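# Observations on the three-dimensional arrangement
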Amino acid sequence: MCGIVGATAQRNVAPIILTGLSRLEYRGYDSAGICTLENDEFNCLKTTSKVATLINKVKERGCKGFLGIAHTRWATHGIPSETNAHPHICGNLALVHNGIIENFKELKAKLQEKGYVFKSETDTEVLLCLIHYHQQDSNSLKEALLKALNEVTGSYAIALINKSEPGVLYTARSGSPLVIGLGIGENFVASDVLALLPVTRRFIYLDEQEVAIVTTDKIDVCGLDGKEHIKKAQDADLDAESISKGSFDHFMQKEIFEQPSSLRNTLTERLDDDSVRLETVIGLKKDSFKDLQNIQIVACGTSFHAGLVGKYWFEELTHIPCNVDIASEYRYRHAVVGNNSLFITISQSGETADTLASLRLAKTQGYKNSLCICNVNGSSLVRESDFTLLTRAGAEIGVASTKAFTTQLLSLLMLALIIAEQKGSLTAQKRHELIESIRQLPSLCEKFLSKDKDILALASEFADKHHCLFLGRGVMYPIALEGALKLKEISYIHAEGYAAGELKHGPIALIDRNMPVVVVAPDNALMGKLVSNIEEVRARGGKLYIFNSEEHVLKADTQTKVISLSDCPEILQPILFTIPLQLLAYHCAVINGTDVDQPRNLAKSVTVE
Ligand code: G6P
């Protein structure tokens, strides 16, 4: 979602902030803009196209200065248009904003009464005019900004510049992420560290409801009450290369093929002979889970699917009841919290608004502890949870989550083993066997990836279809859901995942020869049941695509294509059988010519509700 970049320096900042903006494209957006302070005047350029178009505009028309802000907008209030695109300007001020000002209508009406005329339909312009209005009864822009921020409800990350303060960048956050990048004689702000890695690796992470005044040599941070906050700088653990496509055509393709190494990273120095090391989970103690009686998982999108797999594992390996909710549902239902409950959030970004809101709600509901499984160290979820398990997938740029998902699954499995050890639900021998299986994961992942060509051939049969069903049973049911999600989000083919046993309760009515049915069918205890479901499809003329284990090859015929994949330990099947489904979605999208890495209407980081 919206991306912010800003800089104050003793050189032209336009190239820096435009590079930063390109590096935020992955978050998803529909328009972009830049504003620099040039000869004491704002120079503002916008586009409803890609950042590359904005860069060309800057080249053609010129836009430079030692102070500047830029933005990619994902429309919330008002259509994508140049008028609605940020930066917005009001008098001596220019503002970019990520988030939603919830009371913008009331504030707008008040400001209109005072004579303000609005050009755009955005809530951002309302916030800007409110700051501008408060300048009249304030001694400084800082004072006006604090007054305005204390009046708004909702979420924001902002960067603000003032014509009469040439070296000063004002920034603040509440509910939307923002980092400050530290340079030498120059400083920067951005929605995330990836934007600024070409210019710095040292960052200050703003906390909720903090305001920072950034100049070329100083960062002053305060709370919304104006009181000073002392902040520590941290080094980023990513480098600028983490967002290069290398020899791949798309980030998603690169990230699919990175999975053996991302899984290897997730495991590094975390396994002993018969246990997962305690320090795998930051903040954990030897007996943290000894009295654990209930687990609640909350997440969104692909991370929610990881949570659904986690439920099967937690209940099987730890014997602790586990509930899984979509975050946007959890936060508005009246959850009953059991004794000694652990609240787990799963998130690639650590900034998803609904997941974060659920964690904050959970903290008031009587959970014993909170734990987040997250890919971004320093993110809001990490900072606000008691315990953290970092997935170590590396930067994920493709909107469709791939390596983040498989490393989330691996992390859940390791967490289940830690809990099982503390609860005594598995013998050391059984834990040893599972750990030996887990060690094979990166090399097995390579074997599954080697089927890429077969899956490309399959995709060519699929790409012209309009609908598709994905079936799985047991722990493979969430994998069917994830396969369907991947296909629909990047190829725009309508796809639904079903528990195969549910077929006869509705979706079977859809089966005919135009409806491809993908079955995730590794060799496991539910194979017999699944075969019956496959026959139900076959009997109705449905076209079947079965992802199967070599050990238990199902029969192919004119109606049935079988893709046989390497045998693997049953515990790893959900992780490994995800890979061909990712490849299928990827190739269908490429054949259909969609924007694989930035599919229409989607955002990588959903920082508004
Ligand atoms: C967006 C992304 C998905 C992601 C979901 C949850 O919808 O497009 O790929 O699964 O957000 O994001 P999170 O960062 O919390 O895992």
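Shown above is the structure to which this text applies.
Quick look at the structure, then.

Thresholds applied
- Residues numbered from 1 in each chain as written.
- Predicted model: local features only at pLDDT ≥ 70, side-chain atom pairs only at ≥ 80, totals over all residues.
- Heavy atoms only, no water.
- Near = heavy atom within 4 Å.
- Polar contact = N/O pair within 3.5 Å; in protein donor to acceptor, adjacent residues only side chain to side chain.
- Areas by Shrake-Rupley, 256 points an atom, 1.4 Å probe, with all protein chains shown as cover.
- Salt bridge = Lys/Arg side-chain N within 4 Å of Asp/Glu carboxyl O.
- Helix = DSSP H or I, 4+ residues; strand = E, 2+ residues; numbered from the N terminus.
- Buried < 20%, exposed > 50% of the residue type's maximum accessible area, 1.4 Å probe, protein only.
- Pairing = 2+ DSSP bridges.
- Axes fitted to C-alpha atoms, helices over the stretch in contact; angles between N-to-C directions.
- Contact = heavy atoms within 4.5 Å.

### Some words on the site of the ligand
Neighbouring the ligand are 13 residues, the closest being Ser-303, Ser-347, Gln-348, Ser-349 and Thr-352. The side chain of Thr-352 places a nitrogen or oxygen atom 2.5 Å from an oxygen atom of the ligand. Backbone polar atom of Val-399 to an oxygen atom of the ligand: 3.1 Å apart, as the coordinates give it. Isolated, the ligand exposes 390 Å² of accessible area, and the fraction of that covered by the protein chains is 90%.

### Digging into the pattern of salt bridges
Within this structure, the stated rule accounts for 32 salt bridges. The salt bridge partner of Lys-64 is Glu-38, with a shortest N-O separation of 3.5 Å. One end of the pair, Lys-64, is in the loop between helix H2 (51–61) and strand E4 (67–73); the other, Glu-38, is in strand E2 (residues 31–38), with 26 residues separating them in the sequence. According to the relative accessible area criterion, Glu-38 is buried, its value standing at 18%. Between Arg-202 and Asp-235 there is a salt bridge, with its nearest N and O atoms 2.8 Å apart.

### Comments concerning the sheet that holds strand E21 (residues 467–472)
Strand order in the open sheet formed by 5 strands is E22-E21-E23-E24-E25, with parallel pairing between adjacent strands. Bordering the open sheet on either side are strand E22 (494–499) and strand E25 (560–565), each of which pairs with just one other strand. In this sheet, neighbouring strand axes are inclined to one another by 20° on average, regardless of whether the strands run parallel or antiparallel. Its contacts with the sheet place helix H16 (residues 477–491) against E21, E22 and strand E23 (516–521), and it is angled at close to 180° to E22.

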